[in-house]
Amino acid sequence: MPDLKVLDAGHSGAPGQPGVPGERGLVSRRSLFDGRIMRVAAVDALRKLDPRIQIKNPVMFVVLIGTVITLLEAIAHPSVFSWSVMIWLLLTVLFANFAEAMAEGRGKAQADTLRRTRTQTDARRLRRDGAEERVPAAELSTGDLVVCEAGDVIPSDGEITEGAASVDESAITGESAPVIRESGGDRSAVTGGTRVLSDRIVVRITAEPGQTFLDRMISLVEGAKRQKTPNEIALTILLSALTLIFIPVVVVLQPFGEFAGGQVSVIVLIALIVCLIPTTIGALLSAIGIAGMDRLVQHNVLAMSGRAVEAAGDVQTLLLDKTGTITMGNRMASEFYPVGGFSEGDLAEAAQLASLADETPEGRSIVVLAKQHFGLRERDLAPDHVFVPFSATTRMSGLDTDGRRIRKGAADAIKRWVTEQGGTLPAELDPIVERIARAGATPLVVADEARVLGVIELKDVVKQGIAERFAELRGVGIRTIMVTGDNPLTAAAIAQEAGVDDYLAEATPDAKMRLIKAEQEGGKLVAMTGDGTNDAPALAQADVGVAMNTGTTAAKEAGNMVDLDSNPTKLIEIVEIGKQLLMTRGALTTFSIANDVAKYFAIIPALFVSTYPQLDGLNIMGLHSPQSAVLSAVIFNALVIIALIPLALRGVRFRPSGATAILRRNVLIYGLGGLIVPFIGMKLIDLILTALGAY
Ligand SMILES: Nc1ncnc2c1ncn2[C@@H]1O[C@H](COP(=O)(O)OP(=O)(O)OP(=O)(O)O)[C@@H](O)[C@H]1O
Ligand SMILES: [K+]
Ligand SMILES: [Mg+2]
């Protein structure tokens, strides 16, 4: 029995090899308020005043217009009051721009880090005639073959067509432990910018120049490609509508005031509009969204769209692959069990023949086992041989050579194949298959033409701590379903050990797809991780499709997120970040709407007290004078934005407890808080203004 060296799926390779000591993850864990970022953000805040940029935030654009009108008023009728209001209105816009610039700032800093990573290397391109030529990495296009040997930087994204090597991916994932990348199977994708540490591989380029993974990551992280998320767009429309409603209401006060004989100043009207429109959430909304995406990048996850981040917050069903996700995934052949009177030698010989060209980890481990057990040399195959590659649909693979057709694969697939050839199934086959499957191992049945030769046992191990993670997910109302192409008995055994809520066995790619659609028709949002090409359709169908970075390019293209650590349980953190983003946005919107209410009590009385003295009863804060009341409201309205920036960037604390409990607590804190804080805030400012003898 060869001692099974079970390698961890994502980060196998000789332990302790010196990796490049990359900063953990894509970015150094830069603090929220890094001085450099603040300076850049302050400059950016001024740049954003450009009306073509400011217009993208309708609420703040209205404030900017109000600022300009107030400026004209202050020039026409200069007074300390009119200049003060103008300055604080301008600060309101600047604070809003500063918030967004702070959120983008970290993205920009990360992009610089990544740019430094993307070394301009030369590539060793293989010509048709097999000769090597040196070309700049930027000239490589899809389909080119390049050679990389120990010490070479892989020039662009691709799939290994030949060989295996240990690769240092710390430039991308920050993990300095080398990982094995090999042709065939699900570990064939390599990323440009990573370094080959050993051996020699031939890589077929899969990315167009400028479209490499690193390029996309840079543009994504810079926020340039950050599309607004659906919730954000909806909320922006709502806020704009609210704003548009308030403007005519206040403008109509002008003639109304005149008619009533009162003198209503334009500046006070503008101050009223600015205080009534939802400037607090209007100022912080985009910062919240950018910071949310940013938190994912901090976890080495790249979201290709903001929608995916939000969907992650609402996910209720989690689909997880068995092999390589719940289990270590490097399934190794461990035993041959001949049946039907055949010897172990016959079985091993046929199994090895059927696997000589099988690049999957399963296939290669069979060749190794046959060699170890029976010293079977890899002989050259007859020229007329045809290799049948493994597919998740047929669930078998094999070889046609000099008249023999040898197959190996899932028990049900081979049994069907043998009966189709008119063969019979030996009685002792099922009990052996069942015994192997019940132990959580995968039985592969081997047949030569219509005769079943025996069963190969493929061992696999459930990952450490996976059961606890699933219990945590259940805590936040998420159901886990294990989906595997494996047989029901193996699936049941692994599902039991991993503690998933449900499992689907013998799942072909379209069965996985049907399961996702069924869940979605049931109104559930589905998240899944996957790494193989057979996962691509399901990754595309899922609301949140997290592809492993070690996965094939097809899987990465299909998903809307890529986990650079290739750690399938990262999905749990992704869901938490999604939830936190939605909660932060909800909390600050609540606070913003609530805190606008208080300003009625400050400005309305101030507006009409000369005309309707009895309105003074509304001045419950007992503000000093109409002018100090208006100014206190405008100053508070500006300062509250600055005060909430840390919360917007860090997000509200996320505790995995029932969603309703969280919602109730947030409405209480931010709703009630939003009502009370402004009264106190404005009173304090009024006292300070009065103390300054301003009004
Ligand atoms: N290289 C191979 N050649 C022949 N049959 C294979 C090979 N690899 C896997 N099989 C058989 O096909 C079945 C389906 O494989 P598939 O990769 O779809 O699922 P899995 O690897 O068992 O689990 P998961 O879907 O979680 O990856 C396996 O359970 C196994 O019985
Ligand atoms: K406001
Ligand atoms: Mg598989």
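Definitions and cut-offs
Residues numbered from 1 in each chain as written. Chains lettered and ligands numbered in written order. Predicted model: local features only at pLDDT ≥ 70, side-chain atom pairs only at ≥ 80, totals over all residues. Heavy atoms only, no water. UniProt positions renumbered as here; feature names shortened; annotations may be inferred. Helix = DSSP H or I, 4+ residues; strand = E, 2+ residues; numbered from the N terminus. Donors = N, O, S within 2.8 Å, 3.2 Å for Na, K, Ca; no water. Buried < 20%, exposed > 50% of the residue type's maximum accessible area, 1.4 Å probe, protein only. Near = heavy atom within 4 Å. Polar contact = N/O pair within 3.5 Å; in protein donor to acceptor, adjacent residues only side chain to side chain. Areas by Shrake-Rupley, 256 points an atom, 1.4 Å probe, with all protein chains shown as cover. Pairing = 2+ DSSP bridges. Axes fitted to C-alpha atoms, helices over the stretch in contact; angles between N-to-C directions. Expected span 1.5 Å × (residues − 1). Bend = angle between axes of the 7 residues up to and from the residue. Contact = heavy atoms within 4.5 Å.

Q: Quick one: what's the story with the UniProt feature "transmembrane region" (unreviewed entry) in the protein chain, residue by residue and with numbers?
A: The feature "transmembrane region" (unreviewed entry), as given by UniProt, occupies residues 57-75, 81-99, 233-254, 266-290, 587-609, 629-649 and 669-692 in the numbering adopted here. Here residues 266-290 runs as 92% helix and 0% strand, with 36 Å between its end C-alpha atoms. Between the C-alpha atoms that bound residues 629-649 the distance is 31 Å, and the span itself is 100% helix and 0% strand.

Q: Can you break down the coordination of the potassium ion (ligand 2) residue by residue, with the values?
A: The protein atoms that coordinate the potassium ion (ligand 2) are V274 (O), C275 (O), I277 (O), T279 (OG1), D596 (OD) and N637 (OD1), at distances of 2.6 to 3.1 Å. The motif formed by the donor residues of the potassium ion (ligand 2), counted along the single chain, is V-C-x1-I-x1-T-x316-D-x40-N. Across the pair, C275 and V274 agree in class, each one buried.

Q: So what about the site of ligand 1? Which residues, and what values?
A: Taken together, 22 residues are adjacent to ligand 1, and K322, T323, R331, S397 and T484 come closest. At a separation of 2.7 Å, an oxygen atom of ligand 1 approaches a polar side-chain atom of R331. Notes on ligand 1: free accessible area 590 Å², of which the protein chains cover 95%. Examining the composition of the shell around ligand 1, we find that three residues originate from one element, strand β15 (residues 404-410), more than from any other.

Q: Tell me about the sheet that holds strand β18 (residues 479-483), residues and numbers included.
A: A sheet is described by the order of its strands in space; here seven strands give the open sequence β10-β22-β21-β20-β11-β18-β19, paired in mixed fashion. Each end of this open sheet is capped by a strand with a single partner; those strands are β10 (301-303) and β19 (502-504). Sheet twist, expressed as the mean angle between neighbouring strand axes with direction ignored, is 20°.

Q: Can you explain helix α10 (residues 279-298)? Please cite residues and give values.
A: With 20 residues, α10 ought to run about 28 Å at 1.5 Å a step, and its terminal C-alpha atoms sit 29 Å apart, in line with that. Taken as a whole, α10 carries its principal kink of about 35° at L285. α10 sits mainly inside the fold: 20 of its 20 residues count as buried. Positive phi shows up at N300, right after α10, with a value of about 65°.

Q: Could you give an account of the UniProt feature "binding site: Mg(2+)" (unreviewed entry) in the protein chain, naming the residues involved and the relevant values?
A: Here, the residues flagged by UniProt with the feature "binding site: Mg(2+)" (unreviewed entry) are D531 and D535. As for its placement among the helices and strands, D531 is situated in the loop between β20 (526-530) and α20 (536-541). Residues in contact with D531, not counting those within four places in the same chain, are D186, D321, M548, G551, T552 and A555. In this structure, D535 sits in the loop between β20 and α20. Residue classification places D535 among the buried positions, given a relative accessible area of 0%.

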